Amino acid sequence: MKDIGKFLVQPIVLFKIRHTQWEDIVEEMIRKLSREKPELNLVIKVAMKSVISKDADYVIPECVQGITQTQHGPITEQSFIVVIGNTNTVTDTHVVMCVLENPFNFGNGATETRFVCLVLCPRKTKHTKSGVNVARTYATLLSDDRLRHNLLKTKNHEEFAYEFEMECHRMHKEHEKRERAALMISKKQIAPKKKRWVPGLDLIHDIKRRARYYVSDYIKDVKDCTSFQKIFSATLFLFFSLLLPSIAFGVLDSNYTDGRIDAKNVIVSQLGRAALGLVQWATSCGDKNYYPVVIYTKIIFLISKNWAEDGSFFYTFYAMTGLTNAVFLVIYGFTGASKVMAYCSRSTEEIVGLFISIAFVVDSVKYILKEFDYYYYSCLSVNGTMDIMKRASDIAAATDCDQTRPVLSLLLLLVTVYVGVVIFNFKYSPYLTADKRVVVADYALVVAVAVGTFLGSYVFRHIDVGKFYVNEERAMFKVITFESPPTGAVVAAIGLGFIMSILFFMEGNISASVVNSPCNKLKKGPAYHHDMVVTGLINAIMSVFGLPFVHGSLPHSPLHVRALAEIEEYIDNGNLTEKIVYVRETRLTTLISHIMIGASVLLIPYPLNMIPIPVLYGLFVFLAVTSLGDFQLWERLVLIFTEQTLYPPIHYVRKVPQKIIHCFTFLQILQLIGLCLISFGGSAYLKMFFPFAIILLMPIRERLLPALISARHLHWLDGEH
């Protein structure tokens, strides 16, 4: 640390260097050292010879880089390089840092370098002060992703030195903490104690842990233009990705409940999610009314008809079910039930996440098939027979249909998906600069919806492809009254509320677990028990006012994290690989976006009803497609159809036999098919047991799979790497 201290006293740093030749970069760094320390009387050419060697093909004779363990195995840190120069022209070690404006390609293993550290030291010095040891110290510091992210934002020597000093203090504290722990263990001062279960203790720990970060969740990551841009784009992403599904699911709710719950109610319920964002974890999102919840709403409506055929008992029964669900969620949070998620591996999380993506696609396909069945094939059928030769005018007069409607609906859906995916993948293109490509990609969803709406509502405005409608005379919400409900209804509400609470419990915890995955590098930690209690309380309020239920769901939450993340790209054995360097853990995006969604009720019916329904379903497919890259299950599924010699050099390919990889993938697919059969097939009452099917995935992973696949192979296939 003394070497770092000397550097911090007089930091020598070059910012935004644009040279494209290695020799020019080295010469600029040595000249900078000579100007800052003229007493050294450096001979530029002699100093450069100690750093640059033209023997054979080696340009850099001696350097140090970092090694990082990732899910694909150990990789070389390519964003920095520490170069060592041994010369007799200096009597002490000197360090010069250089921040390149654009990534520089130093060759294999260093293709995306942004930081160059030059360590110039005398040839004869003691071992502890040698150039290699000093270089290791700086390489250790630069191996931290967050430090590199912060250094890229520095503009002068003082800011650069401050970030370096903060990193030194953090590493020093971690080192002292490890030493104390090792000392206590060696002295046997830690006696294993059986932890007593205390109700509410885990909830208190969550509150204490999150309370110290509460203020920083609002103010920490809004200090520069890049952060403002990220927060703005992530807010728009949440706004459109939650508003449009809310409208689509509101249409389904309206169909299933005879208009008692519609898109307007679903949108208003997002104000409750805004309140949830004030106290829930910073990077969560996606609390909405999604497919299984829509099915439960339908079941509640059907059961309520047992006590009133006209559906007048629906609101009372809905509120009782929702309140029961809320009570169970509060109990789960208060008793620390979320600890059971320790048995929920990545395999289970990916199966559920991929199921949600499939559900989005299935909903979209059902919509298109229904459009073709009603507006296209019915036009070709006259009295039960196909009469293709009949004139179109006669068909239209006989069947009151429009064959252009389903074709245009399919076109709008595909255009929305295509435009969204193309812009989302623009960050991988060679056009513009890396930062500008990311900015363009951040607005993929917004542009896709805008293009689809323009085509549907303006270019093809003479063709009615369907728009959503709401009952404007009905109040946005109403306070539910409980007037001596029948005993049978109370019992049914308790049972249905319990089953629904299991769904909310599993979905919320899996969503939080995916968000808090180590690969996302979140620093503030989760709050599973606290969030479960808050979700229960908010749903109790939703129930009393007859509004749709809200809870955490996929794939919005991990996509939200990615929208707030700084992503670093590097080449690993010829493959372009990404890793998250830093995530802005802020509440602003969730809070603002849900307030905007709630306020959007003022835009109903106009102009929100200008968005064609096919564009809404195209959004579903876009979210499903863009989330596939986050699932290792999808990655392994593609390997089944890939030539073996073309397999990427990822960790499990190198550690696990091909047959075992495909066997594990096949077992996951079987579980996924089981979820799909329960959710998409059979009666609505069978779908009630969908939450128990999710719970069943955990014992299958913990008990059945280890009997079929060795623990060593499971570690590489399903462990966190």
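Note that this is a predicted model, so its numbers are computed, not measured. (Residues numbered from 1 in each chain as written. Predicted model: local features only at pLDDT ≥ 70, side-chain atom pairs only at ≥ 80, totals over all residues. Heavy atoms only, no water.)

A.B. asks: Just checking my understanding: could you explain unusual backbone geometry for this structure?
C.D. replies: Among all residues except glycine, the phi angle is most often negative; among peptide bonds, the trans geometry is most common. The backbone of lysine 16 shows a phi angle near 55°, a positive value even though the residue is not glycine. Along the chain, lysine 16 falls in strand β1 (residues 13–17). Residue class for lysine 16 comes out partly exposed when judged on its relative accessible area of 46%. (Helix = DSSP H or I, 4+ residues; strand = E, 2+ residues; numbered from the N terminus. Buried < 20%, exposed > 50% of the residue type's maximum accessible area, 1.4 Å probe, protein only.)

A.B. asks: Would you explain the sheet that holds β1 in this entry?
C.D. replies: Note on sheets: strands pair through backbone hydrogen bonds, and any given pair is parallel or antiparallel. Spatially, 5 strands are ordered β1-β6-β7-β5-β2 in an open sheet, and the strand pairing comes out mixed. Unpaired on one side and paired on the other, β1 and β2 (63–64) mark the two borders of the sheet. Direction of pairing for β1 relative to strand β6 (residues 94–104): parallel, over a ladder of 3 bridges. For leucine 14, the partnering residue across the bridge sits in β6 and is cysteine 98. Helix α2 (residues 22–36) rests against β1, β5 (80–87), β6 and β7 (113–122) of the sheet, and its axis sits at about 140° to β6. In the packing of helix α4 (residues 131–142) onto the sheet, contacts are made with β2, β5, β6 and β7, and the angle to β5 comes to roughly 165°. (Pairing = 2+ DSSP bridges. Contact = heavy atoms within 4.5 Å. Axes fitted to C-alpha atoms, helices over the stretch in contact; angles between N-to-C directions.)

A.B. asks: For this particular structure, what's the right way to read the nonpolar core?
C.D. replies: Where a protein is soluble and globular, its nonpolar side chains tend to be buried together. Membership of the largest hydrophobic core comes to 107 residues, with the highest contact counts inside it found for Ile247 and Phe317. Those residues in contact with phenylalanine 317 that lie beyond four places of it in its chain are Ile300, Ile303, Ser304, Trp307, Ala489, Ala492, Ala493 and Leu496. Residues Ile12, Leu33, Leu40 and Leu42 belong to the second largest nonpolar core, which totals 28 residues. (Core = buried A, V, L, I, M, F, W, Y, C linked by side-chain atoms within 4.5 Å.)

A.B. asks: Help me out: how do you make sense of the confidence of the model for the protein in this one?
C.D. replies: Detailed reading of the predicted coordinates is not advisable wherever pLDDT is low. Here the protein averages 78 in pLDDT, and 84% of its residues register 70 or above. Contacts for the low-pLDDT stretch residues 282–289, under 50 throughout, to residues beyond four places or in other chains number 56 contacts. (pLDDT = per-residue confidence, 0-100.)

A.B. asks: In this structure, what is going on with helix α12 (residues 314–335)? I would like to understand it.
C.D. replies: Three or four residues apart is the spacing at which side chains of an α-helix point the same way, because the helix has 3.6 residues per turn. The end-to-end C-alpha separation of α12 is 32 Å, in line with the 32 Å expected for 22 residues at 1.5 Å each. After α12 finishes, the residue glycine 336 shows a positive phi value of roughly 75°. (Expected span 1.5 Å × (residues − 1).)

A.B. asks: Which parts of the structure should I look at to understand the pattern of salt bridges?
C.D. replies: For the structure shown, the criterion picks out 10 salt bridges. The partner of lysine 32 in a salt bridge is glutamate 36, with the nearest N and O atoms 3.3 Å apart. Of the two residues, lysine 32 and glutamate 36 are both situated in helix α2; the distance of 4 residues between them amounts to about one turn of the helix. The class for glutamate 36 is partly exposed, based on a relative accessible area of 31%. Where aspartate 464 meets arginine 405, a salt bridge forms, and the shortest distance between an N and an O atom there is 4.0 Å. Taken as a pair, aspartate 464 in the loop between α17 (444–459) and α18 (487–515) and arginine 405 in helix α15 (residues 404–424) lie far apart in primary sequence, 59 residues in all. (Salt bridge = Lys/Arg side-chain N within 4 Å of Asp/Glu carboxyl O.)

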